[in-house]
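The lines below spell out each chain.
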Amino acid sequence: MNIWIARLGEIAFTKQNLNALSNSISGHLESQQNITYRYQAKAVDYVSFCPDLDKSDQTYHNQTDHLLGYSGLLVGNGSKNIDLRNAVNIDNAISSLHDATEFATGQFALFRAFDGNFECIVDSLGSYKVFYLTTPEATFVTNFPKFLQLFKKHEANIEFYIHYIASAGSYGNETDEKNVFRLTDYGRLQWDQSNGLSISQYKSIADHVNNNESYEDLLKSAATSMRGASEYLSNYHQSVLSMSGGYDSRLILRSFWGLSTDAIKCFSFPDNEQDVKLAKSATKDQGINHITLSNSSLPTFQEMFKYSEKILQPFRNFDNILGYTFEKDFKSKFENDQYVLLNGNGGDIDDYGIKKFKHFNGTEGTKLIGTVIHKIVDKDILTPDGYEQIFKNLKTHYESKYEPFCADSGNEQKLRLFYFIFERFGNYQGYKFFLNYFDKNYFLPFGNDDFIRLVLNKNRRELPRLSKNSLHKDLTDIFTDKQDKAIPFTGSLHWDASLRIRIQEKLKTKVKSKFGKLFNNSPVKQSSLLRSDFYNQNLDRYLDIIHSSANSPLWYYLDKDKIIAQLQKSNFEYKNGGDLLSKIAPLLYSDTLN
């Protein structure tokens, strides 16, 4: 991992600054916290920390007139056969930073510095996070947000926390710290000594929407790009796929069809017996190794609080109990490998949006955007003033970003897809992986431009993954030359399943859901059970924290009485609000908001 910060301005880092930077990453790098590289030019001071000296040498290329560097992971898409682990190769192949996005995808930051100038771009969805701060003395740019705490007085951005709590996401470029911002979709940061800082995009969403290519051409481009990425990973990396057994993870697995079986390993959480069986069968068909992880015992409140401090979350969040309980086994299986962690969409492209926006047909423009926000935000936990403020914030964000694309026919589908791709997937998935696996390379195959363009130009009824006309089916057929066949015991989850098999599987699921507990065969996922057990184990602690937090600024936005009333209901369950408490309780317990 290349952890870096650039100071842009007349004054360079002092010795005290450098010592403070080294100390602030203690616990995030296992080796000594020493600077592995420093670049200084007129008004530019760049400092890099990396636990592996050999890797550090490859993450930058220092020419006589400029420095080019990167962090994160660049993955070739098949158009050029270049080893993108070496900045020299990248530098030799481009004339501008944007050029790299023509032959590379991934989750990355790419930057260039020279006398009086600094430029940085991030991947298409801004999944890899880059943060910036401007002070009277200098502008600071970094991929490690804790660095910026050394150059400003702490001031919590309360509305950011409320966005995260009440609508399960972050919006725009704000962060949990006031005046600290991040680069988002197609983000470009430019700084020069004469004009200061400017933020822009190197590509527009309109490039995907206003597209005249046929579906066949778009499908071919997406297949070529995704297959090219898998071939690149097979050639240059060891990959590990989080395998749920669902459509997304199977599509990623099938993109490795016919490649070396040593190039990828798969693991599953023991969430549910059927899911694990499906994952094992899918990997076995491809001759690929599959591991089911084992969880450790639940932590105490204090152990979980301490664990959450090590993760660079926007705020401490106990919902990551899954990471805690499986971390030990995960590290024992994969820690010694130089692996890339792969993961899917975390939800159906269209189904997720249908649940939110199914009644929006015929509504247009600003009215449509307002209706979307009403559906997204959890009004039941907000005060009237809090809801009014959050609604205003999100309305401004949506109108500035999406209104130009929501005034014509099909606007409801477009906004649904925008929400899934650029808000939920781009922010939720990106934050989750950047923050939980900060010291690992990770790759989100569905975050590349060609796949996004394919989704935004596919007919609505063909988007759900279970459809026989879905893009998941089309891509799988291309990757496997139509060799992927239904798995007998889970036929309803495959496109070749008959109507009889689908009905039969649905009836089985309903029976298990109703009577499973009688036979000690609950269909509830183990991840949900772990979260629920930890929540129940600490419910009294949660309530005490909430009761004793009368002066917290959160209560201007959140309705404390309503939340307590919900918790005190005899039929209250974790799934109906425990995730909310997992965010609120540790936030109140810490001094983050002070």
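Only a predicted model underlies this, so the values are computations on that prediction, with no experimental measurement involved.

Trainee: Explain the sheet that holds strand β5 (residues 67-76) here, please?
Mentor: One open sheet accounts for six strands, arranged β4-β5-β6-β7-β11-β12; its pairing is antiparallel. Both edges of this open sheet fall to β4 (60-62) and β12 (196-201), since each of them pairs with a single strand only. When the angles between neighbouring strand axes are averaged without regard to direction, this sheet yields 15 degrees.

Trainee: Is there a simple way to think about the nonpolar core in this case?
Mentor: Here is a general trend for soluble globular proteins: nonpolar side chains tend to be buried in one another's company. Grouped together as the largest cluster of nonpolar side chains are 172 residues, with contacts concentrated most on Leu 110, Phe 118, Tyr 398, Phe 422, Leu 475 and Leu 558. Setting aside anything within four residues of it in sequence, one finds Phe 118 in contact with Trp 4, Ala 6, Leu 8, Phe 111, Arg 112, Ala 113, Val 141, Leu 189, Gln 190 and Trp 191.

Trainee: Any chance you could explain the packing of helix α6 (residues 215-236) against helix α15 (residues 449-456) here in plain terms?
Mentor: The relative placement of two packed helices comes down to the angle between their axes together with the axis-to-axis distance. Across the interface, α6 lies against α15 with an axial gap of 8 Å and an inter-helix angle of 150 degrees. For the element pair α6 / α15, the angle class is roughly antiparallel. Between α6 and α15 the crossing geometry is left-handed. Two secondary-structure elements touch here, α6 through Tyr 215, Leu 218, Leu 219, Ser 221, Ala 222, Ser 225 and Met 226 and α15 through Asp 450, Phe 451, Arg 453 and Leu 454. Grouping the amino acids of the contact of α6 with α15 by side-chain chemistry returns seven nonpolar, two polar and two charged.

Trainee: What should I look at first to understand the packing of aromatic side chains in this one?
Mentor: Each pair of aromatic rings is reported with the distance of its centres and the angle of its planes. Going through the model one piece at a time under the given rule, you end up with 35 aromatic pairs. Summarising the aromatic geometry, the rings of Phe 301 and Tyr 589 are spaced 5.1 Å apart at their centres and angled 85 degrees between planes, so their arrangement reads as edge-to-face. Of this pair, Phe 301 sits in helix α9 (residues 301-309) while Tyr 589 is found in helix α22 (residues 578-589), placing the two residues 288 residues apart along the sequence. By relative accessible area, which is 3% here, Phe 301 ends up buried. Judged by centre distance (5.6 Å) and plane angle (55 degrees), the ring pair of Tyr 398 and Tyr 402 falls under tilted. One end of the pair, Tyr 398, and the other, Tyr 402, are both in helix α13 (residues 384-402), four residues apart, so they sit about a helical turn from each other. For Tyr 402, a relative accessible area of 0% corresponds to the buried category. Three or more aromatic residues joined by ring pairs make a cluster, and in this case those are Trp 4, Tyr 37, Tyr 46, Tyr 60, Phe 111 and Phe 118. Looking at Arg 250, its charged tip hangs above the ring of Tyr 247, at a distance of 5.0 Å from the centre. Against the face of Phe 301 rests Arg 541, its NZ or CZ located 4.3 Å from the ring centre.

Trainee: Looking at this structure, I do not really get the packing of helix α19 (residues 539-547) against helix α21 (residues 560-567). What am I missing?
Mentor: It is at 11 Å that the axes of α19 and α21 come closest, and there the two elements cross at 160 degrees. Put simply, α19 runs roughly antiparallel to α21. Every pair of crossing elements has a handedness; the one defined by α19 and α21 is left-handed. Residues Leu 543, Ile 546 and His 547 of α19 pack against Lys 560, Ile 563, Ile 564 and Leu 567 of α21. Here the residues of the contact of α19 with α21 are counted per class, giving five nonpolar, one polar and one charged.

Trainee: Looking at this structure, how should I read the pairing of strand β11 (residues 187-192)?
Mentor: Along any regular strand the residues' side chains alternate between the sheet's two faces. Across five bridges, the pairing between strand β7 (residues 117-122) and β11 is antiparallel. Looking across to β11, one finds that Cys 120 is bridged to Leu 189. Here β11 hands over to β12 after three residues, the two strands then running antiparallel side by side.

Trainee: Any chance you could explain the sheet that holds strand β14 (residues 264-268) here in plain terms?
Mentor: Remark on secondary structure: sheet strands pair via backbone hydrogen bonds, oriented parallel or antiparallel. A sheet is described by the order of its strands in space; here five strands give the open sequence β15-β14-β13-β16-β17, paired in parallel fashion. This sheet does not close on itself; its edge strands, each paired only once, are β15 (290-292) and β17 (441-443). For this sheet, the mean angle separating the axes of adjacent strands, direction not counted, is 30 degrees. Two elements, strand β13 (residues 238-242) and β14, share four bridges in a ladder whose sense is parallel. Within β14, the residue paired with Val 240 across the bridge is Lys 265.

The rules behind these values
- Residues numbered from 1 in each chain as written.
- Predicted model: local features only at pLDDT ≥ 70, side-chain atom pairs only at ≥ 80, totals over all residues.
- Heavy atoms only, no water.
- Pairing = 2+ DSSP bridges.
- Helix = DSSP H or I, 4+ residues; strand = E, 2+ residues; numbered from the N terminus.
- Axes fitted to C-alpha atoms, helices over the stretch in contact; angles between N-to-C directions.
- Core = buried A, V, L, I, M, F, W, Y, C linked by side-chain atoms within 4.5 Å.
- Buried < 20%, exposed > 50% of the residue type's maximum accessible area, 1.4 Å probe, protein only.
- Contact = heavy atoms within 4.5 Å.
- Parallel < 35°, antiparallel > 145°, perpendicular 65-115°, else oblique.
- Left-handed = near helix turned anticlockwise from the far one by under 90°.
- Nonpolar A, V, L, I, M, F, W, Y, C, P; charged D, E, K, R; others polar.
- Phe/Tyr/Trp six-rings, centres within 6.5 Å; stacked < 30°, edge-to-face > 60°.
- Lys NZ or Arg CZ within 6 Å of the ring centre and 35° of its normal.

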